[in-house]
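Residue-level structural notes
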Amino acid sequence: MASTRVVIRMTSTMVAETFQKKLAMAALAAFLVLFPARFMAAETTPADSLSDGDKQCLGCHGSDGLTKELPGGKTLSLHVPGDAFAKSMHGVLGCAACHAEVDLKTHPQKSKAIASSREFSVEMAKIMRRLPRRGATT
Ligand code: HEC
Ligand code: HEC
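Now for a quick tour of the structure. (Residues numbered from 1 in each chain as written. Chains lettered and ligands numbered in written order. Predicted model: local features only at pLDDT ≥ 70, side-chain atom pairs only at ≥ 80, totals over all residues.)

Looking now at the site of ligand 2. Near ligand 2 lie 21 residues; those nearest to it are Cys-57, Cys-95, Cys-98, Ser-121 and Met-124. For the shell around ligand 2, the secondary-structure elements that each account for two or more residues are helix H4 (52–61), strand S2 (74–77), helix H6 (95–98) and helix H7 (117–129). For the shell around ligand 2, the element with the highest residue contribution is H7, accounting for six residues. Its residues assigned to classes, the shell around ligand 2 comprises 14 nonpolar, six polar and one charged. (Near = placed C-beta within 6 Å. Helix = DSSP H or I, 4+ residues; strand = E, 2+ residues; numbered from the N terminus. Nonpolar A, V, L, I, M, F, W, Y, C, P; charged D, E, K, R; others polar.)

Right, here's the structure in full:
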């Protein structure tokens, strides 16, 4: 740094000024060390690591308000929080591993009939059972 040469020929007021500057720098450094996540969050989020296909799904399902009307006036939330998914153990699988039936050429225009959230859970659970299990011991 160029400032080191300047430091040698300093008067006492300059010393005080330099000290203040150093203090400000130290405070800034401490701030950056204490809150790195906040600064990094602006650049990348866990969801950024997902595949392009998953990001396409999340383009719609990542928004909070997406719901589906079920018979009987019930609503099913279709919101999938991208960051939570990316951090979960299912993140590596990708959406298509479990939702292979979703074809973006026809989805969501060609709507799937879901009688109730329970029926959908049961149906999805059947698909899940066919998936290879990571870390399975038996
Ligand atoms: C253009 C926006 C959009 C995209 C992209 C999208 N979806 Fe959807 N998805 C919807 C909407 C809207 C519904 C509700 C359809 C309805 O009301 O019947 C839905 C419903 C669903 C459902 C509930 C079952 C069903 O078919 O209604 C699943 C599961 C689903 N989407 C998974 C996915 C997956 C996986 C992807 C990526 C491969 C994806 N979606 C991409 C908008 C989208
Ligand atoms: C490990 C398997 C698996 C993966 C991977 C997965 N899902 Fe699902 N998904 C399920 C199951 C099981 C359900 C049914 C949950 C229930 O209601 O019991 C479901 C339900 C849904 C629903 C209906 C709303 C709901 O919460 O019930 C949507 C929409 C959906 N998934 C979208 C996605 C998207 C988008 C991705 C990728 C970002 C994804 N899923 C990845 C298994 C998976």
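This paragraph deals with H7. Here H7 spans 18 Å end to end across 13 residues, near enough to the 18 Å set by a 1.5 Å rise per residue. Within H7, only zero of the 13 residues are buried, leaving the element largely exposed. (Expected span 1.5 Å × (residues − 1). Buried ≥ 20, exposed ≤ 12 C-beta atoms within 10 Å, placed from the backbone.)

Bridge count between strand S1 (residues 67–70) and S2: four bridges; the pairing is antiparallel. Residue Leu-70 lies in a different strand from S2, and its bridge partner there is Lys-74. Here S1 hands over to S2 after three residues, with Gly-72 in that stretch at a positive phi of 85°. (Pairing = 2+ DSSP bridges.)

On to the site of ligand 1, then. As a structural note, the neighbourhood of ligand 1 is formed by 17 residues, with Cys-57, Cys-60, Pro-108, Ser-111 and Lys-112 the closest of them. At the level of secondary structure, the elements contributing two or more residues to the shell around ligand 1 comprise H4 and H6. Counted by class, the shell around ligand 1 contains nine nonpolar, six polar and two charged residues.

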